[in-house]
Amino acid sequence: MGRRDRRGAQVARVAMADPTAQLFALVDVNNMYVSCERAFNPRLHNRPVVVLSNNDGCAVARSNEVKALGVKMGTPWYQMQDLVRQHGIIGLSSNYTLYGDMSNRVMTILRSYSPNVELYSIDESFLSLNGMDGMWASPAVMGQAIRTRILQWTGLPVCVGVGSSKTQAKLANHVAKKFPLFDSVCDFTTMSVARMRWLFVRIDVGEVWGVGRRIATKLHAMGIHSVQDLKEASPRGIRIHFGVVMERTCQELRGLSCLALEEVAPPRKEIVSSKSFGAMATDIGALEEAVSTYITRASEKLRAQRSVCGAIHVFVQTNRFRQQDPQYSSGVTVPLLDPTDDDRILAGAALQGLKVIFREGYQYKKAGVMLMDLAPNTVDQGALFEALRQSENSVRVMAAFDALNQRFGRDTVQLGSAGLAPRWAMRAENKTPCYTTRWDELPKAHAN
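Residues numbered from 1 in each chain as written. Predicted model: local features only at pLDDT ≥ 70, side-chain atom pairs only at ≥ 80, totals over all residues. Heavy atoms only, no water.

Draft legend 1. Structural view of the sheet that holds strand 4 (residues 49-52). A sheet is described by the order of its strands in space; here three strands give the open sequence 5-4-6, paired in mixed fashion. One side of each edge strand has no neighbouring strand; the edge strands of this open sheet are strand 5 (59-62) and strand 6 (90-93). Pairs of neighbouring strands in the sheet enclose a mean axial angle of 30°, with direction left out of account. Each of strand 4, strand 5 and strand 6 is contacted by helix 1 (residues 32-40), which is oriented at about 110° to strand 4, the strand it contacts most. (Pairing = 2+ DSSP bridges. Helix = DSSP H or I, 4+ residues; strand = E, 2+ residues; numbered from the N terminus. Axes fitted to C-alpha atoms, helices over the stretch in contact; angles between N-to-C directions. Contact = heavy atoms within 4.5 Å.)

Draft legend 2. Region of the structure containing the side chain of Gln228. Here Gln228 is to be found in helix 9 (residues 227-232). Dropping the residues within four chain positions of it, Gln228 is found in contact with Arg197, Phe200 and Val201.

Draft legend 3. Representation of the confidence of the model for the protein. Looking at the protein, the pLDDT average stands at 84 and 83% of residues meet or exceed 70. Low pLDDT, under 50, characterises residues 1-17; the stretch is placed with 27 contacts to residues that sit more than four places away or in other chains. This model gives residues 380-389 a pLDDT under 50, and the stretch forms two contacts once residues within four places in sequence are excluded. (pLDDT = per-residue confidence, 0-100.)

Draft legend 4. View of the environment of Phe188. Tracing the chain through its elements places Phe188 in the loop between strand 10 (185-187) and helix 7 (193-201). Remark: the alpha-carbon pair of Phe188 and Pro139, spanning 49 residues in sequence, is separated by 9.5 Å. Those residues in contact with Phe188 that sit more than four places away from it in its chain are Val162, Gly163, Gln168, Leu171, Ala172, Val175, Met196, Leu199 and Phe200.

Draft legend 5. Up close: empty space enclosed by the protein. Evaluated as defined, the whole model comprises two cavities of 30 Å³ or more. Counted as a void, the second largest cavity has a volume near 50 Å³. What lines the second largest cavity is Val27, Val29, Ser103, Val106, Met107, Leu110, Leu119, Ile122, Asp123, Glu124 and Ser125. At the level of secondary structure, the elements contributing two or more residues to the lining of the second largest cavity comprise strand 3 (24-29), helix 4 (96-110) and strand 8 (124-128). (1 Å grid on protein atoms, 1.4 Å probe; cavity = no way out; pocket = protein on both sides within 12 Å on 5 of 7 lines; lining within 4 Å. Points joined across faces, edges and corners; volume = space filled by probe spheres on them.)

Draft legend 6. Representation of the side chain of Glu252 within the structure. The residue Glu252 is located in helix 11 (residues 244-253) in this model. Among buried Asp, Glu, Lys and Arg side chains, Glu252 stands out as unpaired, with Lys166 the closest opposite charge at 7.5 Å. Sequence-distant contacts of Glu252, defined by excluding residues within four places in its chain, comprise Ser165, Lys166, Thr167, Gln168, Ser257, Cys258 and Leu259. (Buried < 20%, exposed > 50% of the residue type's maximum accessible area, 1.4 Å probe, protein only. Lys, Arg positive; Asp, Glu negative; His and termini not counted. Salt bridge = Lys/Arg side-chain N within 4 Å of Asp/Glu carboxyl O.)

Draft legend 7. Expanded view of helix 10 (residues 235-242). All buried positions along helix 10 are accounted for by Pro235, Ile238 and Phe242. Buried positions in helix 10, seen along its axis, are confined to an arc of 60° and lie on one side of it. Turned more than 90 degrees from where helix 10 packs its buried face, Arg236 and Ile240 sit exposed. Next to the buried residues of helix 10 lie helix 8 (213-221), helix 9 and helix 11. (Arc of directions from axis to C-beta.)

Draft legend 8. Up close: the pairing of strand 12 (residues 307-318). Across the twelve residues of strand 12, ten count as buried, placing the element largely inside the fold. Across two bridges, the pairing between strand 12 and strand 15 (residues 375-376) is antiparallel. Within strand 15, the position partnered with Val308 by the bridge is Ala375. The pairing of strand 12 with strand 14 (residues 364-372) spans eight bridges and is antiparallel. Among the inter-strand pairings, Val316 is bridged to a residue of strand 14, identified as Ala367.

Next up, the structure:
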């Protein structure tokens, strides 16, 4: 017998034919950055909108209206100006604080549907639906419930793909997005073989998760043009030509799960923080401010994964596209006496390295740091008592540092060497407010 949900509709208990079978869903926010902007500014709905990269350079997100005009991902903003005048394209500076917070809200909602969630990217998450088949009439019904709740609670539209493997779920999400007849939710696990084949024949093999442009070109040369061709290909033959990873992809298209859900991302082996400047930097003071800021950003990630750093690589470079200017780029690696996650020590070492590579007479466009030789933050049993005491003091200082910035906003507390009004800061001429993380940027309603 079935049971009834809160709306009184009968929900049948669907038994899985194979108790060992896997069931995955991929939830993807449509045009994430643009959708976040529209959630707080309804005037942007049905308008052509692009979100631009750092320094308002290139398109990193496009509304469907902009895609219909033929604007490609990565198109420079200055090259769109004719279209901007003709069609009224709205260009917005990227607001990563807002996008990250909205992503966290979506993740919180998804965890109410499954305890096993993998954040794949800022706008995509995998869910394991194993053992949850009796809670819904079908995975598609669950997918529609997820869509409705996320839209109602955050204002963000999503598509949902369901499959017997992560690769299938990813492809099902693509189908849900590209084929309107699925109403933004596609479930391969209940689809007939004939209908699935009809779809797979019509989708280029390049749309398969993990098949990049080079591999797709090589597959085409081998006569493997569609998803169905790859699904029917010999896994052993695929392995000979492309390796074990592509063999797994081939098996996953057949519904055999080879990729487990990664609920906790593995610690990074290196952490990089680097951006282009909004204005050229010519003196070492501006570069020191930038490098100190990048150290702060990188060390936040370092402490978040509970690691320490054993060496720092610092690099600078000029603008290679300005061929009329003298060109220079250089980098240096600075080893640390003791691994640490302390901003003060890391910044000191990075600034020492910067002094080694800095050269007068150049216009610098970019600088960055890479934290290297990362290891778990565990106490060295051979450390001296004084070193332990200093380490404990460092932990307390950095914990207070992070807590204040998390509570009151990024850069509430920062290194003095980062400066108060950096001249190198990137351009963000059309950045919208941080609606969800800053009290002083909340929208205000006035009543007459």
